[in-house]
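So you can see what is in the structure, the chains are spelled out below.
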Amino acid sequence: MSLLVELSNVGRDFDGGRIVAVDGVSLAIEDDETVAIVGRSGSGKSTILNLVCGLDRPTRGEVRFEGRAVNGRAAWAALRASRIGIVFQNFFLLQSLSARENIEVALLGNLGGARQRRVRALELLAHFGLAERATLRPAELSGGERQRLAIARALANRPKLLVADEPTGSLDVQTSQSVMSIIGNAHREFGTAVIVVTHDEDVAALCGRRVEISDGRIRSDNRMTAMPTPAPTLRIR
Amino acid sequence: MTELTLPLRGLISRPLRTLLTVLGIALAVAGFVALTGLTAGVQHSFASGINENGADLVVSQRSAFNLVSSAVPKSLSSGLSAVPNVEAVSGILLNITTADDAANIVMAGWPSDSFLWKDMHLLAGRIPAPGDQWSVILGESIARALDKRVGDTVELQFQPYRIVGIASFSSVLNQNSAIVPLEGLQQLLSREDVFTLYEVRLKRPLDKNDIAVARTRLIAAAQGFEVGDTEQFSSSIRIFDLLRAIAQTISLVVMAMASVAVANTLLMAVNERTFEIGVLAALGWSPRRILRLILIEGVIMSAAGGVIGIILGVLTMEMAAKTNFAAGLIVPYLSGWSIAQALIFVFIAGPLGALYPAWRATRLLPADALRRI
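All values derive from a computational prediction rather than experimental measurement.

## Some points on the overall build of chain B
- Broken down by element type, chain B carries 13 helices and twelve strands.
- For a compact globule of 373 residues, the expected C-alpha radius of gyration is about 21 Å, and chain B comes in at 28 Å, more than 25% above that figure.
- Counting only C-alpha atoms, chain B reaches 90 × 45 × 35 Å along its principal axes.
- Within chain B, the fraction of its 373 residues that count as buried is 50%.
- Restricting to contacts in chain B with at least 6 residues of sequence separation, those with at least 24 account for 82%.
- As presented, chain B carries roughly 16100 Å² of accessible surface, and 61% of it is formed by carbon and sulfur atoms.

Rendered as structure tokens:
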């Protein structure tokens with residue numbers, strides 16, 4: 001067990017400082033944790049997630065990954081390409097690409113040749129029950145399939161950290177459970193740390209740690225139960 | 001999937017805009033190819049036309065502004081003829097005029113005793129008889145274009161000429177020219193004491209060294225005048241430099257406009273695809289890779305525009321050369337250098353136009369980009 005991400009007194013302002021989205025947040029996450037960041041809409045939880053994976057830049061404070069301060073777009077991009085996988089509420093799949101290509105696009109630059117990328121993408125699609133959907137565009141997939149594809153893409157480079165911003169926000173209850181099961185499975189099979197931003201207490205309850213955000217600050221930080229046992233059909237290599 | 005997949009899909013997903021931008025580049029390249037090609041074509045046409053007459057060297061006015069303004073005095077004739085190894089010398093007078101006010105045509109006035117008549121390949125009729133100063137031999141192409149036959153009359157330089165022969169030539173210039181007796185043309189142009197140039201034929205057998213030696217001697221005999229082969233002669237005509245400069249300036253402006261079109265298209269594409277760029281950044285695409293993505297789009301459009309432009313340019317030249325007023329004076333001339341210049345342009349202008357949009361794409365914070373859906 002070692003420290004994976006550390007936010008030290010991080011703040012993020014918008015509109016020239018008139019809006020303080022995150023203020024003085026310090027948070028350390030270990031490499032074997034599952035963390036739920038909860039809070040109301042506009043509480044600043046998604047902004048914290050963006051800062052954790054370098055999608056946004058802190059106005060104040062410092063973000064460290066595996067013990068090293070990360071500065072600059074290129075450094076963050078390199079981390080996201082190899083160490084961090086991101087799942088978004090709205091999937092954020094590229095509509096001009098097929099399901100297979102949506103995974104391959106995350107592998108470009110990390111995995112040698114086109115053939116290797118294709119094999120890896122097909123492998124992931126098969127593991128997520130999407131083998132038959134490889135050539136379809138995202139618009140042709142169901143909501144659950146899209147989210148599974150987004151998770152497959154996030155896990156393509158075998159990341160150390162999987163961050164998910166409201167991963168079940170656009171899904172029905174049954175599909176949400178399936179998605180959380182897949183995320184839990186990734187945690188167990190890969191040893192991937194997981195940070196989930198959610199306003200859904202049921203989803204938060206599946207995580208080992210619950211961080212509550214309000215008005216851009218941490219209101220509580222409690223360790224809870226472990227992630228649920230994954231469904232056997234969704235094992236990930 | 002390769003590095004090219006996304007740029008290609010990006011371009012295909014906006015077919016009309018891509019097409020219009022490619023067309024813009026193509027027109028710029030076509031303009032460049034056509035303008036430079038036609039300019040070079042005029043020069044080449046004159047050189048090949050004079051070369052066909054059998055001259056090895058040409059004596060002309062140094063740095064004459066245009067072809068017909070060159071003036072070499074008649075008095076040089078004897079001195080040039082006396083140069084060792086010179087077989088024959090013929091002064092000729094050139095003029096560009098209209099034939100029956102329907103087509104531009106080159107009139108060449110040849111002395112009746114010129115060696116040039118000997119190699120003429122007559123298809124019909126005869127060469128002008130001595131003293132018959134208002135008779136003409138038309139090149140086969142211009143005769144056909146004007147629908148003229150031996151015995152007909154054609155008006156040249158406001159003077160009716162009787163067609164006494166139709167001749168076939170290998171050069172387009174001569175195929176569209178009118179050969180007339182020198183004396184009549186001198187009168188019409190009031191240039192009794194000068195020629196446009198002298199064509200000098202050297203004795204055979206002949207090698208490069210013989211030509212060089214003869215050239216040195218001719219320079220001595222015609223001090224202050226230009227002595228060279230037909231290509232050197234056409235290169236020394238200053239109007240060709242002027243035409244080239246105009247063509248290049250216009251081409252540069254048009255190409256700069258094409259570059260701006262590329263920039264505009266890609267800037268709009270970057271704005272439209274902010275979300276896609278945000279996703280790529282979120283997936284770990286480095287700023288450099290995103291920059292490359294946009295640049296590749298620019299290069300693809302430019303390359304397509306370049307190829308289409310070269311084809312359009314050639315077609316434009318062919319069409320221009322077929323018009324009545326250009327036939328024979330302009331021969332399409334597409335040099336490897338012209339193609340290389342056009343390609344150099346597209347591979348500079350494309351990425352140059354794409355550079356700013358690409359740079360802007362890399363300046364986006366992924367979170368900002370993803371918020372813009």
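## Observations regarding the interface of chain A and chain B
- Every contact between the two is made by 30 residues of chain A and, on the other side, 27 residues of chain B.
- Counting each side, the surface lost to burial between chain A and chain B is near 2400 Å², with a carbon and sulfur contribution of 63%.
- The largest per-residue losses of area from chain A upon contact with chain B belong to Arg73(A), Phe92(A) and Leu108(A), which jointly make up 27% of the total buried on that side.
- Put simply, chain A and chain B have one salt bridge between them.
- Its salt-bridge partner being Glu101(A), residue Arg9(B) comes within 2.8 Å of it at the nearest N-O pair.
- Across the contact surface, chain A and chain B share nine residue pairs in polar contact (both at pLDDT 80 or more).
- Those elements giving two or more residues to the side of chain A that touches chain B turn out to be β1 (3-14), α2 (73-82), α3 (99-107) and α4 (114-127) of chain A.
- Within the side of chain A that touches chain B, the residues separate by chemical class into 15 nonpolar, four polar and eleven charged.

## Observations concerning empty space enclosed by the protein
- Taken as a whole and judged by the stated rule, the model has two cavities of 30 Å³ or more.
- By volume, the largest cavity amounts to about 110 Å³.
- Lining the largest cavity are Arg80(A), Ala81(A), Ile84(A), Gly85(A), Ile86(A), Phe88(A), Ala106(A), Arg153(A), Ala154(A), Asn157(A), Ala282(B) and Leu283(B).
- Those elements that place two or more of their residues in the lining of the largest cavity are α2, β6 (84-87) and α5 (143-155) of chain A.
- Tallying contributions element by element places β6(A) first for the lining of the largest cavity, with three residues.
- Looking at the lining of the largest cavity, its residues break down into eight nonpolar, two polar and two charged.

## Quick look at the UniProt feature "domain: MacB-like periplasmic core" (unreviewed entry) in chain B
- Here, UniProt's "domain: MacB-like periplasmic core" (unreviewed entry) annotation points to residues 18-204 of chain B.
- Between the C-alpha atoms that bound residues 18-204 of chain B the distance is 61 Å, and the span itself is 32% helix and 35% strand.

## Some points on the packing of aromatic side chains
- The final tally for this structure, using the stated rule, is six aromatic pairs over all chains.
- Note on Phe88(A) and Phe92(A): the rings are 4.6 Å apart at their centroids and 40° apart in plane angle, and the pair reads as tilted. In this pair, the class of Phe88(A) matches that of Phe92(A), namely buried.
- Considering the side-chain rings of Trp134(B) and Tyr161(B), the 5.6 Å spacing of their centres and the 75° angle between planes classify their relative orientation as edge-to-face. Taken together, the residues span a long stretch of sequence, with Trp134(B) in the loop between β5 (121-125) and β6 (135-139) and Tyr161(B) in strand β8 (residues 159-168) at a distance of 27 residues.
- Using a relative accessible area of 1% as the deciding quantity, one classes Tyr161(B) as buried.

## Topic: the domain arrangement of chain B
- Domain parsing of chain B yields domain 1 (5-44 + 240-371) and domain 2 (57-228).
- Spacing between the C-alpha centres of domain 1 of chain B and domain 2 of chain B amounts to 45 Å.

## Overview of the sheet that holds β1(A)
Residues and elements named next belong to chain A.
- In space, the four strands of this open sheet follow the order β2-β1-β4-β5, with antiparallel pairing throughout. Strands with a single pairing partner mark the edges of an open sheet, and in this sheet they are β2 (19-30) and β5 (68-69).
- Bridge count between β1 and strand β4 (residues 60-65): five bridges; the pairing is antiparallel. Residue pairing in the sheet places Gly-11 in a bridge with Arg-60 of β4.

## Some points on the confidence of the model for chain A
- Across chain A, pLDDT averages 89, with 95% of residues at or above 70.
- Throughout residues 228-237 of chain A the model reports pLDDT below 50, and contacts reaching past four residues in sequence, or to other chains, amount to 28 contacts.

## Looking at the nonpolar core
- Residues Leu7(A), Ile84(A), Val105(A), Leu161(A), Val163(A) and Ile195(A) are the most contacted members of the largest nonpolar core, which totals 79 residues.
- When residues in this core are grouped by element, the largest group, eight residues, is from helix α2 (residues 15-52) of chain B.
- Setting aside its immediate chain neighbours within four residues, Val105(A) contacts Leu94(A), Leu97(A), Met1(B), Leu6(B), Leu280(B), Leu283(B) and Trp285(B).
- Among the nonpolar cores identified, the runner-up in size contains 37 residues, and Leu57(B), Val59(B), Val86(B) and Leu185(B) belong to it.

## A look at a nonpolar patch on the surface
All names here are of chain B.
- A contiguous nonpolar patch, built from Leu-16, Leu-19, Leu-20, Leu-23 and Leu-27 and spanning about 520 Å² of accessible area, is present on the exposed surface.
- The topology assignment puts Leu-20 in helix α2.
- We classify Leu-20 as exposed; its relative accessible area is 53%.

## A few points about the pairing of strand β7 (residues 161-165) of chain A
All names here are of chain A.
- Burial of β7 is extensive: five of the five residues sit out of reach of the surface.
- Here β7 shows two buried faces, one formed by Leu-161, Val-163 and Asp-165 and the other by Leu-162 and Ala-164.
- Pairing geometry for β7 and strand β8 (residues 193-198), over five bridges, is parallel. Bridge assignment links Asp-165 to a residue of β8, and that residue is Val-197.
- Since β7 and β8 lie parallel, the crossover through helix α6 (residues 173-190) that links them has a hand, and here it is right-handed.

## Details of the pattern of salt bridges
- This structure, assessed with the given rule, holds 28 salt bridges over all chains.
- Residue Asp15(A) pairs with Arg18(A) through a salt bridge whose shortest N-O separation is 2.7 Å.
- Residue Arg18(A) is classed as exposed on the basis of its relative accessible area of 70%.
- Arg149(B) serves as the salt-bridge partner of Asp147(B), at 3.4 Å between the closest nitrogen and oxygen.
- What makes Arg149(B) exposed here is its relative accessible area of 52%.
- The network of salt bridges with shared partners includes Asp13(A), Asp23(A), Arg60(A) and Arg217(A).

Parameters and conventions
- Residues numbered from 1 in each chain as written.
- Chains lettered and ligands numbered in written order.
- Predicted model: local features only at pLDDT ≥ 70, side-chain atom pairs only at ≥ 80, totals over all residues.
- Heavy atoms only, no water.
- Helix = DSSP H or I, 4+ residues; strand = E, 2+ residues; numbered from the N terminus.
- Rg over C-alpha atoms; globule rule 2.2 N^0.38 Å.
- Buried < 20%, exposed > 50% of the residue type's maximum accessible area, 1.4 Å probe, protein only.
- Contact = heavy atoms within 4.5 Å.
- Areas by Shrake-Rupley, 256 points an atom, 1.4 Å probe, with all protein chains shown as cover.
- Buried area = accessible area lost by both parts, 1.4 Å probe.
- Salt bridge = Lys/Arg side-chain N within 4 Å of Asp/Glu carboxyl O.
- Polar contact = N/O pair within 3.5 Å; in protein donor to acceptor, adjacent residues only side chain to side chain.
- Nonpolar A, V, L, I, M, F, W, Y, C, P; charged D, E, K, R; others polar.
- 1 Å grid on protein atoms, 1.4 Å probe; cavity = no way out; pocket = protein on both sides within 12 Å on 5 of 7 lines; lining within 4 Å.
- Points joined across faces, edges and corners; volume = space filled by probe spheres on them.
- UniProt positions renumbered as here; feature names shortened; annotations may be inferred.
- Phe/Tyr/Trp six-rings, centres within 6.5 Å; stacked < 30°, edge-to-face > 60°.
- Domains from an automatic or database assignment.
- Pairing = 2+ DSSP bridges.
- pLDDT = per-residue confidence, 0-100.
- Core = buried A, V, L, I, M, F, W, Y, C linked by side-chain atoms within 4.5 Å.
- Patch = residues over 30% accessible without salt bridge, like charges linked within 9 Å, V, L, I, M, F, W, Y side chains within 5 Å.
- Right-handed = clockwise from strand over helix to strand, strands pointing away.

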